[in-house]
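The lines below spell out each chain.
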Amino acid sequence: MNKQQVKERIEKLRQEINHHRYLYHVLDKQEISDAALDSLKHELDELERKFPELITPDSPTQRVGGKPLDEFKKVQHKLPMLSLTDAFLFKEIQEWETRNKKLLPLETKLDYYAELKIDGLAVALIYKKGILWKGATRGDGKIGEDVTENLKTIEAIPLRVNLENFSQSIQKKVAEELEVRGEIFMKKADFDQLNEIQEKNKQPKFANPRNAAAGSIRQLDPKITASRKLSFMAYSLVTDLGQKTHQESHELLEALGFRAGTNLNQYCPDLQAVEKYHSEVNKKRNSLPFWIDGIVININDQQTFGRLGVVGKAPRGAIAYKYPAEQATTVVEDIQVQVGRTGALTPVAHLKPVRVAGSTVARATLHNEDEIKRLDVRIGDTVIIQKAGDIIPDVVKVLSKLRTGKEKKFKMPVTCPICGSKVIRRTGEVAYYCSNKNCFAIQKEKIYHFVSKKAFDIEGLGPKIIDQLLENNLIKDVSDIFSFTASDLEPLERFAEKSAANIIEAVEKAKKITLARFIYALGIRHVGEETAIDLANHFRTISRLQKASFDDLNKIYEIGEVVARSISDFFRDNRNLQLIARLLNQGIKIKEPEVRKKTAASGKAFVVTGTLPSLSREEAKTKIREAGGKAASSVSPSTDFVIAGDNPGSKYEKAKKLGVKIISEKELLNLLK
Ligand code: IVH
């Protein structure tokens, strides 16, 4: 190819790449695969490398993000970037119309263009000769920050506007200068993905998509912005291209190559239609790919809009009709620390349960120590919590005027609340970490054990669900299992309303438990099912067991020295005592073992071997235990009886050798009477 041919090829490639950008970001369509598009971009990149003099600022290759800046330059907005008055009730919208009508000539007929109010941040884009020249944040409305390099990385923003279908006069106007305003935002899926990456990189997670978008735009290094998937929705065509209505300006914006939501917004001839749109959008807003906090109602006629002017910092001709804030106030009853998959310690506020946007909330994340300091949140504080689409809500503000003076400051623990290892904070990181690599695994295993068949036996609460609960900071330890609600579970993957309700029911049922199962569930080292039964029969209540000394335990016939030491250590550890107290506080009722009449089996040690004529081995063991006997698994000199069925094997031989009495099932049943 000669240089002229290369130039032509480059131009064609740019047009083609921009066409697919438009399809994807404006029309939500895809004609060729990502791989094919990447291949076109690659070819363009190669050609531009060979002929750098052919690079232009609107080339798609210029999106990757250039050199980091030292600071953002200030930009003065030609026209102030206004904000909107908020309304929550239809009555307020009707009052808004009445107010406006009073300011307008009697014959004015008002109609509206209603659009989605995306929760992101506002930017202004200025194009010169059709090419993106400058982009700025809103700032204080008058002066914003120049974030052009960062905005260039966003594919939904055209680097060059499309003027093909426009008249000469419009082309001329656009060439002079075009200003478009709109919202930078992050889609829900991209937000989740970014937080996963943040977690993997041991970086703090973003509280909500708005913060993530704002944080990504205010990066001095455009390469960081380029790595975040940001989107753009245009809502205002500042330049006069002859548009008569707000609806028309949205159509023009889309023809110029911006996404302006014409498939989602709605022309409304009157306020009744606006109200209908508001409630329809409310129904589908959870299934939209991005977060919206309301709709924006614009008087459609541009002239009327202009005539109404501005009051304070908001135009009279538009209003935000918001959805009830997903916020509520409640009291922080405690702050506990959870250990995540990466070992990061996340402080979580345990709240007095409160209804927020249709579900009961009992926990809110506090993210990290810096966030606690920023909010100055203390145990006992009344706080505002907010659901921002995450499973677990955030604390957004402390109502410090409601303090009584009894509130307690929170201090990050110096040892891990799960495994007791040292807690570390690496330089430059906000999170604290447990220094034990296996900590999260230990925590998981403890919970798996706690809910297992021989322990609390909570049906439906399998490892996959436990993993999700841990990852979403919904449980820190087993005591939290008894406080979550169906609405905590429903947003988790693989969860329907029904299965959430089933688990809640199973949890409720499991609250009544025998002492032996309770002891076994605690997961004390060396305490299996049998030892748990021995301990239950001996001490009869958990508080007596808690108080038992090493000597008390060592004296018990069935308990050896190592086991006694392990039990005694467990109950000397304050964290375990606190856990038991929390479990009892959650309404767990422990059943004392029944007082049994003495039988010939009481206190005797039995081993069952071979196939018994009527009972299974497990049934025989249960009967032995119920009669006060001990069912052991191996024969030793201290075994009193071996019950032998068919094909008894080595245990039978050993019993014969040791001179242990061998009896049949029938003889056993007689002994148990
Ligand atoms: S019109 C006159 N339309 O909401 C002010 N704003 O609460 C121009 N926003 O600063 C705003 N979606 O960042 C308008 N469809 C929409 C919007 C929208 C989101 C944001 C925008 C503005 C804020 C005001």
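Worth saying up front: this structure is predicted, and the values here are computed from it rather than measured. (Residues numbered from 1 in each chain as written. Predicted model: local features only at pLDDT ≥ 70, side-chain atom pairs only at ≥ 80, totals over all residues. Heavy atoms only, no water.)

Remarks on the pattern of salt bridges
Here is step 1: Across all of its chains, the model carries 39 salt bridges by this definition.
Here is step 2: In this structure, the salt-bridge partner of Arg49 is Asp45, at a minimum N-O distance of 2.9 Å. Residue Arg49 and its partner Asp45 are located together in helix H2 (residues 34-50), separated by four residues, close to a single helical turn.
Here is step 3: Overall, the relative accessible area of 59% leaves Arg49 in the exposed class.
Here is step 4: With its nearest N and O atoms 3.1 Å apart, the salt bridge here joins Lys511 to Glu508.
Here is step 5: Here Lys511 falls in the buried class, since its relative accessible area comes to 13%.
Here is step 6: The exposure class of Glu508 is partly exposed, given its relative accessible area of 47%.
Here is step 7: A cluster of three or more residues bridged by salt bridges with shared partners is formed by Glu11, Arg14, Glu48, Asp58 and Arg160. (Salt bridge = Lys/Arg side-chain N within 4 Å of Asp/Glu carboxyl O. Helix = DSSP H or I, 4+ residues; strand = E, 2+ residues; numbered from the N terminus. Buried < 20%, exposed > 50% of the residue type's maximum accessible area, 1.4 Å probe, protein only.)

Points about the sheet that holds strand S4 (residues 121-128)
Here is step 1: What the four strands build is an open sheet, ordered S5-S4-S7-S8; its pairing is antiparallel. Looking at the sheet topology across the chains shown, the edges are occupied by strand S5 (131-137) and strand S8 (231-237). If you compare each strand with its neighbour and ignore which way they point, the axes differ by 35° on average.
Here is step 2: With six bridges joining them, strand S7 (residues 178-185) and S8 adopt antiparallel strand pairing. Bridging across to S8, Phe185 finds its partner in Ser231.
Here is step 3: Packing against the sheet, helix H7 (residues 209-217) makes contact with S4, S5 and S7, and its axis sits at approximately 40° to S4.
Here is step 4: Along the sheet, helix H9 (residues 246-256) makes contact with S7 and S8, crossing S8 at roughly 135°. (Pairing = 2+ DSSP bridges. Axes fitted to C-alpha atoms, helices over the stretch in contact; angles between N-to-C directions. Contact = heavy atoms within 4.5 Å.)

A closer look at the environment of Ile481
Here is step 1: Position of Ile481 among the secondary structure elements: in the loop between helix H14 (463-471) and helix H15 (486-489).
Here is step 2: Look at Ile481 and you get buried, because its relative accessible area is 1%.
Here is step 3: Distance from Ile481 to Ile458, taken between C-alpha atoms, is 9.9 Å for residues 23 residues apart in sequence.

Side note on the environment of Glu251
Here is step 1: Along the polypeptide, Glu251 turns up in helix H9.
Here is step 2: Each C-alpha atom of the pair Glu251 and Thr262 lies 6.9 Å from the other, and the pair is 11 residues apart in sequence.

Focus: the UniProt feature "active site" (unreviewed entry) in the protein
Here is step 1: Mapped onto the present numbering, the UniProt feature "active site" (unreviewed entry) falls at Lys117.
Here is step 2: With near-sequence residues (within four places) excluded, Lys117 lies in contact with Leu84, Trp291, Ile292, Asp293, Gly294, Ile295, Val296, Ala320 and Lys322. (UniProt positions renumbered as here; feature names shortened; annotations may be inferred.)

Considerations on the site of the ligand
Here is step 1: Taken together, the neighbourhood of the ligand is formed by Leu82, Ser83, Leu84, Glu115, Leu116, Lys117, Ile118, Ala122, Glu183, Tyr235, Val296 and Pro315.
Here is step 2: Here Glu115 contributes a side-chain N or O atom positioned 2.7 Å from a nitrogen atom of the ligand.
Here is step 3: Ile118 is positioned such that a nitrogen or oxygen atom in its backbone is 3.3 Å from a nitrogen atom of the ligand.
Here is step 4: Here the ligand has 520 Å² of accessible area as a free molecule, and 84% of this is covered by the chains.
Here is step 5: Counting residues per element, the shell around the ligand draws most heavily on strand S3 (residues 112-118), at four residues. (Near = heavy atom within 4 Å. Polar contact = N/O pair within 3.5 Å; in protein donor to acceptor, adjacent residues only side chain to side chain. Areas by Shrake-Rupley, 256 points an atom, 1.4 Å probe, with all protein chains shown as cover.)

Observations regarding the pairing of strand S15 (residues 344-356)
Here is step 1: Of all 13 residues in S15, 10 are buried, a share of seventy percent or more.
Here is step 2: Pairing geometry for strand S14 (residues 327-339) and S15, over seven bridges, is antiparallel. Bridge pairing in S15 places Val337 opposite Pro347.
Here is step 3: Linking S14 to S15, which pair antiparallel, is a turn of four residues; within it Gly343 sits at a positive phi near 90°.
Here is step 4: Bridge count for S15 against strand S20 (residues 432-434) is two bridges, and the pairing is antiparallel. Among the inter-strand pairings, Leu345 is bridged to a residue of S20, identified as Tyr432.

Structural notes on the sheet that holds strand S23 (residues 605-609)
Here is step 1: The four strands are arranged S24-S23-S25-S26 in an open sheet whose pairing can be described as parallel. Both outer strands of the open sheet, strand S24 (630-632) and strand S26 (661-663), are each paired with one neighbouring strand and no more. This sheet shows a mean twist of 35° between the axes of neighbouring strands, independent of strand direction.
Here is step 2: The sheet contact formed by S23 and strand S25 (residues 641-644) spans four bridges and is parallel.

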